[in-house]
Amino acid sequence: MDVVVIENCRRLREMLIDVLLGVDDIDVVAHAEDEKTALSLMESHQPHVVIVDLDLSGGSGIGLLTALNNDRGRYSDAKAVVFTNHNSVALRRRCESLGIDGYFDKSYHLDDLIDYIRSERDALAR
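Rules and cut-offs
Residues numbered from 1 in each chain as written. Predicted model: local features only at pLDDT ≥ 70, side-chain atom pairs only at ≥ 80, totals over all residues. Heavy atoms only, no water. Buried < 20%, exposed > 50% of the residue type's maximum accessible area, 1.4 Å probe, protein only. Helix = DSSP H or I, 4+ residues; strand = E, 2+ residues; numbered from the N terminus. Pairing = 2+ DSSP bridges. Right-handed = clockwise from strand over helix to strand, strands pointing away. Core = buried A, V, L, I, M, F, W, Y, C linked by side-chain atoms within 4.5 Å. Contact = heavy atoms within 4.5 Å.

## Comments concerning the pairing of strand E4 (residues 79-84)
Okay, step 1: Most of E4 sits out of view: 5 of its 6 residues are buried.
Okay, step 2: Here strand E3 (residues 49-52) runs beside E4; their pairing, made up of 4 bridges, is parallel. The partner of Val-52 across the bridge, within E4, is Val-82.
Okay, step 3: Examined bridge by bridge, E4 and strand E5 (residues 102-105) share 4 bridges and lie parallel to one another. The partner of Phe-83 across the bridge, within E5, is Phe-104.
Okay, step 4: You can see the chain leave E4, run along helix H5 (residues 89-97) and come back into E5, and the turn it takes is right-handed.

## Quick word on the nonpolar core
Okay, step 1: Formed by 25 residues in total, the largest nonpolar core has its most connected members in Ile-6, Val-50, Leu-65, Leu-68 and Cys-95.
Okay, step 2: It is helix H3 (residues 61-70) that contributes the most residues to this core, 5 residues altogether.
Okay, step 3: Ignoring any residue separated from it by four or fewer positions in sequence, one finds Leu-68 in contact with Leu-39, Met-42, Val-50, Tyr-75 and Ala-80.
Okay, step 4: Within the second largest apolar cluster, 18 residues are counted, among which are Met-1, Leu-16, Val-49 and Ile-117.

Dropping the structure here:
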């Protein structure tokens, strides 16, 4: 299963990629730290899952999710999940209105994110 990681913090991005690469049948095909690069990578790689941080070095995770929601065919039918430090109900609802498939808090839900990725991998294998 192909995954794209969109995360502006280099250290966290590298850690997340390392964790994902330790999961059988998961391939991190690309990563980015800004919205423009992320959209280009989504279009060229057509991943199964994209992990999106809301704070990006250029643009925003909300902008990325809006683009994905508005033009799903162009950027693949990837499952979009948010991995963020922003755990407000209003922001979560905004992301849900943009069609996300999961919302995970960086401080508490790394294991839940990995479990979600595994379940998507297993569903794809069926």
